[in-house]
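Here is how the chains run, residue by residue.
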Amino acid sequence: MSGNIYIYIFTAFAVSYLIRVLPLTLIRKPIKNQFIRSFLYYVPYVTLSVMTFPAIVEATSSPVAGIAALVVGVVLAIFGAGLFPVAIACCVVAFIAEYLLRL
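Residues numbered from 1 in each chain as written. Predicted model: local features only at pLDDT ≥ 70, side-chain atom pairs only at ≥ 80, totals over all residues. Heavy atoms only, no water.

### Regarding the side chain of glutamate 98
Selection rule: Comment: elements are numbered from the N terminus, with helices defined as DSSP H or I runs of at least four residues and strands as E runs of at least two. In this description, contact between two residues means that some pair of their heavy atoms is separated by no more than 4.5 Å.
You can see glutamate 98 is positioned in helix 4 (residues 83-102). In this view, glutamate 98 contacts Thr60, Ser61, Ser62 and Ala65; residues no more than four positions away in its chain are not counted.

### Structural notes on helix 2 (residues 34-58)
To be explicit about the condition: Expected helix span is taken as 1.5 Å per residue step, with the number of steps being one fewer than the number of residues. In this scheme, the bend at a residue equals the angle between the axes fitted to the seven residues that finish there and the seven that begin there. Pairs of N or O atoms within 3.5 Å make up the polar contacts considered here, provided that, within protein, one atom can donate a hydrogen while the other can accept it, and that residues adjacent in sequence are counted only when both atoms are side-chain atoms.
Over its 25 residues, helix 2 runs 37 Å from end to end, which matches the ideal 36 Å to within 8%, given 1.5 Å per residue. Remark: the principal bend of helix 2, roughly 35°, maps to valine 43, with a proline, proline 44, within the next four residues. The N-cap residue of helix 2 is asparagine 33: its side-chain oxygen and the backbone nitrogen of phenylalanine 35 are 2.9 Å apart.

### Points about the packing of helix 2 against helix 3 (residues 63-78)
Under the convention used in this document: Each axis is a line fitted through C-alpha atoms, and for a helix only the stretch in contact is used; angles between axes span 0 to 180 degrees, taken between their N-to-C directions. Roughly parallel here means an angle under 35 degrees, roughly antiparallel means over 145, roughly perpendicular means 65 to 115, and every remaining angle is called oblique.
Two elements in contact, helix 2 and helix 3, have axes separated by 6 Å at closest approach and are oriented at 130°. In this view, helix 2 runs oblique relative to helix 3, as classed from their interaxial angle. Counting all contacts with helix 2, which are made through Phe53, Ile56 and Val57, the residues of helix 3 involved are Pro63, Gly66, Ile67 and Leu70.

### Quick word on the packing of helix 3 against helix 4
Note the following rule: It is the rotation of the near helix from the far one that decides the hand of a crossing: anticlockwise by less than a right angle makes it left-handed, clockwise makes it right-handed. Each residue is assigned to one of three groups, with Ala, Val, Leu, Ile, Met, Phe, Trp, Tyr, Cys and Pro labelled nonpolar, Asp, Glu, Lys and Arg labelled charged, and all others, Gly among them, labelled polar.
Between helix 3 and helix 4, the least distance of the axes is 8 Å, while the angle of their chain directions is 150°. It follows from the interaxial angle that helix 3 and helix 4 lie roughly antiparallel. In this structure, helix 3 meets helix 4 at a crossing whose hand is right-handed. Residues Val64, Ala65, Ala68, Ala69, Val72, Gly73, Leu76 and Ala77 of helix 3 form the contact with helix 4, whose own contacting residues are Val86, Ala89, Cys90, Val93, Ala94, Ala97, Glu98 and Leu101. Within the contact of helix 3 with helix 4, the residues separate by chemical class into 14 nonpolar, one polar and one charged.

### Description of helix 4
Heads up, the rule is: Think of it in three bands: with a 1.4 Å probe and only protein chains considered, a residue is buried below 20% of the maximum accessible area for its type, exposed above 50%, and partly exposed in between. To be clear, the arc concerns the directions from the helix axis to the C-beta atoms.
Between the first and last C-alpha of helix 4 there are 29 Å, a value that for 20 residues agrees with the 28 Å anticipated at 1.5 Å per step. Among the residues making up helix 4, those that are buried are Val86, Ala89, Cys90, Ala94, Ala97 and Glu98. Take helix 4 and look down its axis: the buried residues cluster within an arc of 165°, on one side only. Turned more than 90 degrees from where helix 4 packs its buried face, Phe84, Cys91, Phe95, Tyr99, Leu100 and Arg102 sit exposed. For helix 4, the secondary structure elements touched by its buried residues are helix 3.

So this is what it looks like as structure tokens:
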């Protein structure tokens, strides 16, 4: 068992290292392909979304409250509300939904 831990650590190191080093060594010229440039432009947004949206739904004891808060937040953001008002509104909606679901 103790010998396997070193294999796991080395594998995690190798994967992390290669992901960071290979693009630097293989791609030396500026990327001119418009499709690849647009793909790389949206990668951070997609990654943040993939991590954030499930956490919003699962943060409450009931997924219904999380979904209600998510819908309210998206609607407020579409109408131009700032980050702080959206966050406050989502917290209030999640709190009220949790309260109503317990009745």
